[in-house]
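The chain contents come next:
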Amino acid sequence: MVRPFLDNELMPTCMKNIIILCSLLLVMQFLSIGQNTFDPNGGCLNVVNFTIGQPMGSYGDRIYTVTYQHEVFVNEKFTLGAGVGYSYHDKFKYSAIPLFISSHYFFVDKRFSPFASLKIGAFGMFGKKAVGTFERYSLVDKDHDQAFNFYFSPCVGIKAYLAPNIGVIASVTDEAYLVKTFDVSRKDYRSKLSHSLGVNIGICFQIKGW
């Protein structure tokens, strides 16, 4: 006797393949509604980034950062605005709140587009723990703080649309903070740029009128 094509053993596998196929079709349909570029009339560009950075250079540090950027459209590819963030610095053992101006430039008018971005400004430092120990990654005490805590972060990456007015971004960045730390070769506290090579994952979105 010939066994039925969809017997009890084949049915679960067949149903699983149908569900997977339907899911893929739904995802493709969802992605197909994404526009190719931002609409300057659809609201400002909002970007939320999460960064993990590894030490780079003699005074580099391991950092964990989240930033928010709010930028207006100069044209469909270029935005300019400002932002705020929070970062924790593992080796120097302090937290920072950077305030900065920021910009994005998207190179092509496509759903997937490479971009370059720049953040530049200053940061407030708090929660310092390694202070005045005269060792590498020791920060100067409060009475001898530097006049200006400079911050900048250039990055390059790619954005991809999920739907109109919302997308995901991934990028590589150099997070740089100017700190006054102990110079072990000169046996004195001096201002040094602490660099971290970071990987960013985030979202970019527009809200009408915002």
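Above: the structure in question.
These lines cover the structure that appears in this document, whether it is placed above or below. All values derive from a computational prediction rather than experimental measurement.

Right, let's talk about the sheet that holds strand β7 (residues 166-183) for a bit. Around the barrel, which closes on itself, the 8 strands sit in the order β1-β2-β3-β4-β5-β6-β7-β8 with antiparallel pairing between neighbours. Direction aside, the axes of adjacent strands within the sheet are offset by 25° on average. Two strands pair when backbone bridges link them, and strand β5 (residues 112-126) and strand β6 (residues 150-163) are joined in this way by 11 bridges, in the antiparallel orientation. The residue bridging G121 from the neighbouring strand is Y151, located in β6.

Note that G43 resides in the loop between α1 (10-32) and β1 (45-56). Setting aside residues no more than four positions away along its own chain, G43 makes contact with F73, Q206, I207, G209 and W210.

So, about the side chain of D183. Examined against the element boundaries, D183 turns out to sit in strand β7. Under the relative-accessibility criterion, D183 is labelled buried at 3%. A distance of 3.3 Å separates the side chain of D183 from the backbone nitrogen of R186, its partner in a polar contact. In this structure D183 touches Y59, D188, R190 and K192, once residues within four positions along its chain are discounted.

The next thing to look at is unusual backbone geometry. Most peptide bonds take the trans configuration, and most residues that are not glycine carry a negative phi. One non-glycine residue with positive phi stands out, namely K93, at about 60°. Note that K93 resides in the loop between β3 (78-89) and β4 (94-106). Located in the positive-phi region is Y137, a residue other than glycine, with phi close to 70°. Its relative accessible area of 15% is what places Y137 among the buried residues.

Parameters at a glance
Residues numbered from 1 in each chain as written. Predicted model: local features only at pLDDT ≥ 70, side-chain atom pairs only at ≥ 80, totals over all residues. Heavy atoms only, no water. Pairing = 2+ DSSP bridges. Helix = DSSP H or I, 4+ residues; strand = E, 2+ residues; numbered from the N terminus. Axes fitted to C-alpha atoms, helices over the stretch in contact; angles between N-to-C directions. Contact = heavy atoms within 4.5 Å. Buried < 20%, exposed > 50% of the residue type's maximum accessible area, 1.4 Å probe, protein only. Polar contact = N/O pair within 3.5 Å; in protein donor to acceptor, adjacent residues only side chain to side chain.

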